[in-house]
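# Secondary and tertiary structure notes
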Amino acid sequence: MPYTIGFFNRDVPTRRYRVNLPHWRQEGVIYFVTFRLADSLPAPKLRQWVLEREQWLLQHPGPWDDAVHEDYTRRFPARLERWLDEGYGSCVLARSDCRDVVAEAIQHGHGSDYCLDQWVVMPNHVHALVTPIQRNLSAIMQRWKSFSALGINRSLGRRGSLWQKESFDHIVRNGERLERFRRYIEDNPRRAGLAP
């Protein structure tokens, strides 16, 4: 289904909020999202990352220009991605039955609730490029996580939390960055040593 890809626009109202991570929302834009299993990162590494990030944020109050935003991305989301690729935790998404549940969940609303661009299911996390249509991004993420957690827990004969509560999301800024995210998603299995 063809659709128009929208990018971050400084002149359009942006809703910003923070839980542990910053979240920005704009209408009609494409997002790069990452969601991960609850056990995907060791607690000591995560605590270190949170403390460093809090200190950095105190030293860099917004609004950020592109250079500061790039520095933040390199120091924090990119480092977190490297740790995820190291394969910590149960890595249940390496099982084909569990991976298939996630794939079904994220493809289900494509064309009606959102337009799904490139995506990949890794052993302990998922990356996707998605443009909301009928639902907002938070509702889309909640639906993906709820549906897949129910199916995976049933398949594994277990209960409880599967996904980390909060997800990383980033409004794509332009066509060049979109292509970088697409390459990142496509190359992720190879970089993590999962594909030749």
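Our structure's up above, just so we're on the same page.
All values derive from a computational prediction rather than experimental measurement.

## Thoughts on the sheet that holds strand S4 (residues 114-121)
Think of a sheet as strands paired side by side through backbone hydrogen bonds, with each pair either parallel or antiparallel. Across the sheet, 4 strands lie side by side as S4-S5-S3-S6; this open sheet has antiparallel pairing. Bordering the open sheet on either side are S4 and strand S6 (168-171), each of which pairs with just one other strand. With direction set aside, neighbouring strand axes in the sheet form an average angle of 15°. Two strands pair when backbone bridges link them, and strand S3 (residues 31-36) and strand S5 (residues 125-132) are joined in this way by 6 bridges, in the antiparallel orientation. Residue pairing in the sheet places Thr34 in a bridge with His127 of S5.

## Digging into the packing of aromatic side chains
Under the definition given, this model contains 13 aromatic pairs. Ring centres 6.2 Å apart and planes at 90° place the aromatic pair Phe32 and Tyr184 in the edge-to-face group. Within this pair, whereas Phe32 is found in strand S3, its partner Tyr184 is found in helix H6 (residues 175-191), the two being separated by 152 residues in sequence. Assessed through its relative accessible area of 4%, Phe32 is described here as buried. Between Phe35 and Trp144, the ring centres sit 5.9 Å apart and the planes meet at 35°, which makes this aromatic pair tilted. Pair noted here: Phe35 is in strand S3 and Trp144 is in helix H5 (residues 137-156), with a separation of 109 residues, a long-range link.

## A few points about the pairing of S5
Counting buried residues in S5 gives 8 out of 8 residues, a clear majority hidden from the surface. Of the two faces of S5, the one carrying His125, His127, Leu129 and Thr131 and the one carrying Val126, Ala128, Val130 and Pro132 are both buried. Relative to S5, S4 runs antiparallel, the two sharing 6 bridges. When the sheet's bridge partners are listed, Val120 is paired in S5 with His127. Taken together, S4 and the strand that follows it, S5, pair antiparallel across an intervening segment of 3 residues.

## What about helix H3 (residues 77-85)?
Burial analysis of H3 places 7 of its 9 residues in the buried class, which makes it a mostly covered element. Of all the positions in H3, only Pro77, Arg79, Leu80, Glu81, Trp83, Leu84 and Asp85 are classed as buried. Against S3, helix H1 (43-59), helix H2 (66-75), S5, S6 and H6 lie the buried residues of H3. Among the residues trailing H3, Gly87 stands out with phi positive, at a value near 80°.

Definitions and limits used
Residues numbered from 1 in each chain as written. Predicted model: local features only at pLDDT ≥ 70, side-chain atom pairs only at ≥ 80, totals over all residues. Heavy atoms only, no water. Pairing = 2+ DSSP bridges. Helix = DSSP H or I, 4+ residues; strand = E, 2+ residues; numbered from the N terminus. Axes fitted to C-alpha atoms, helices over the stretch in contact; angles between N-to-C directions. Phe/Tyr/Trp six-rings, centres within 6.5 Å; stacked < 30°, edge-to-face > 60°. Buried < 20%, exposed > 50% of the residue type's maximum accessible area, 1.4 Å probe, protein only. Contact = heavy atoms within 4.5 Å.

Purely geometric stuff here, so don't read any function into it on its own.
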